[in-house]
Amino acid sequence: LTLKTYYKTTATSTTDSFNDSSKIVSQSGTQLSAGSLILGDDGLGGYVSSGSVRSITVTPSLLSAWTTASTSLVIPSGTSVRVQVIDSSGSTIPDSQLPGNSAGFSSSSIDLSGISTTTYPTLALRADISTNDSSQTPSINLWSINALTGPTPVPNVSLTLSGTKTVGSTGAGAPILKNVLTTT
């Protein structure tokens, strides 16, 4: 008989609120401004027409399931933000695993539950942002990748296993059990 004890699965999140570039692997035509990622300055008092950004990779320990990618986007008229989920090599997760991913998402929540944790133990986010009006820029204020991790093994748990058969009783009348096993 082998018994193992575990802590329950827990929700984990890796979030970038764009206060600095520590969770950005690469960016082009974009800049950080007041806790947001926006299009870069065109040198004429406006914004460049397009840019891109890529997050750090996320590889949760004891990954049980991917859950969601969350975003906080501001998309004025004439602008666009398209977020894609990518793997550790930078390849877009195929639509067979994440329908609609090849076109990109502009919604606040992306359901990642269909992505295989075995095939894709590491994920990242990539976004392409653009504008048709150099006086307007979309912004990404926050994005995150969320997952369930665990169960986590619990070491050194005390356990007492007792059988129900008795081999007699003590002088005080308490039963003496045939099998009692105590371990840590």
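Residues numbered from 1 in each chain as written. Predicted model: local features only at pLDDT ≥ 70, side-chain atom pairs only at ≥ 80, totals over all residues. Heavy atoms only, no water.

Colleague: Is there a simple way to explain the overall build of the chain in this structure?
Modeller: A count of helices and strands for the chain gives zero helices and 16 strands. What you see for the chain is a C-alpha radius of gyration of 26 Å, clearly larger than the 16 Å of a compact globule of 184 residues, by over 25%. Each of the three principal axes of the chain carries a C-alpha extent, and together these read 100 × 35 × 25 Å. Here the chain holds 184 residues, and 30% of them are scored as buried. Counting contacts in the chain only where the partners sit at least 6 residues apart, residues at least 24 apart contribute 67% of the total. Surface summary for the chain: the accessible area is close to 10100 Å², and the carbon and sulfur share equals 50%. One finds the centroid of the 8 positive side-chain charges in the chain at a distance of 29 Å from the centroid of its 9 negative side-chain charges. (Helix = DSSP H or I, 4+ residues; strand = E, 2+ residues; numbered from the N terminus. Rg over C-alpha atoms; globule rule 2.2 N^0.38 Å. Buried < 20%, exposed > 50% of the residue type's maximum accessible area, 1.4 Å probe, protein only. Contact = heavy atoms within 4.5 Å. Areas by Shrake-Rupley, 256 points an atom, 1.4 Å probe, with all protein chains shown as cover. Lys, Arg positive; Asp, Glu negative; His and termini not counted. Charge placed at Lys NZ, Arg CZ, Asp CG, Glu CD.)

Colleague: Please clarify how the nonpolar core should be interpreted in this entry.
Modeller: Across soluble globular proteins, nonpolar side chains have a tendency to be buried as a group. Ranked by size, the top nonpolar core spans 28 residues in total, and within it W66, L112, I115, L123 and I140 carry the most contacts. At the level of secondary structure, the elements contributing two or more residues to this core comprise strand 5 (36–39), strand 7 (63–74), strand 8 (79–86), strand 10 (124–131) and strand 11 (139–149). (Core = buried A, V, L, I, M, F, W, Y, C linked by side-chain atoms within 4.5 Å.)

Colleague: Any chance you could explain the pairing of strand 14 (residues 166–169) here in plain terms?
Modeller: Sheet topology places strand 14 next to strand 15 (residues 175–177); three bridges connect them, and they run antiparallel. Bridge pairing in strand 15 places T166 opposite L177. The hairpin turn running from strand 14 into strand 15, its antiparallel successor, is five residues long, and G173 in that turn takes a positive phi close to 95°. (Pairing = 2+ DSSP bridges.)

Colleague: Got a minute to help me understand the pairing of strand 4 (residues 30–33) in this structure?
Modeller: Successive residues of a regular strand alternate their side chains across the two faces of the sheet. Where strand 4 meets strand 5, four bridges bridge the pair, whose relative direction is antiparallel. Within strand 5, the position partnered with S33 by the bridge is S36. What sits between strand 4 and strand 5 in their antiparallel hairpin is a turn of two residues, with A34 showing a positive phi close to 50°.

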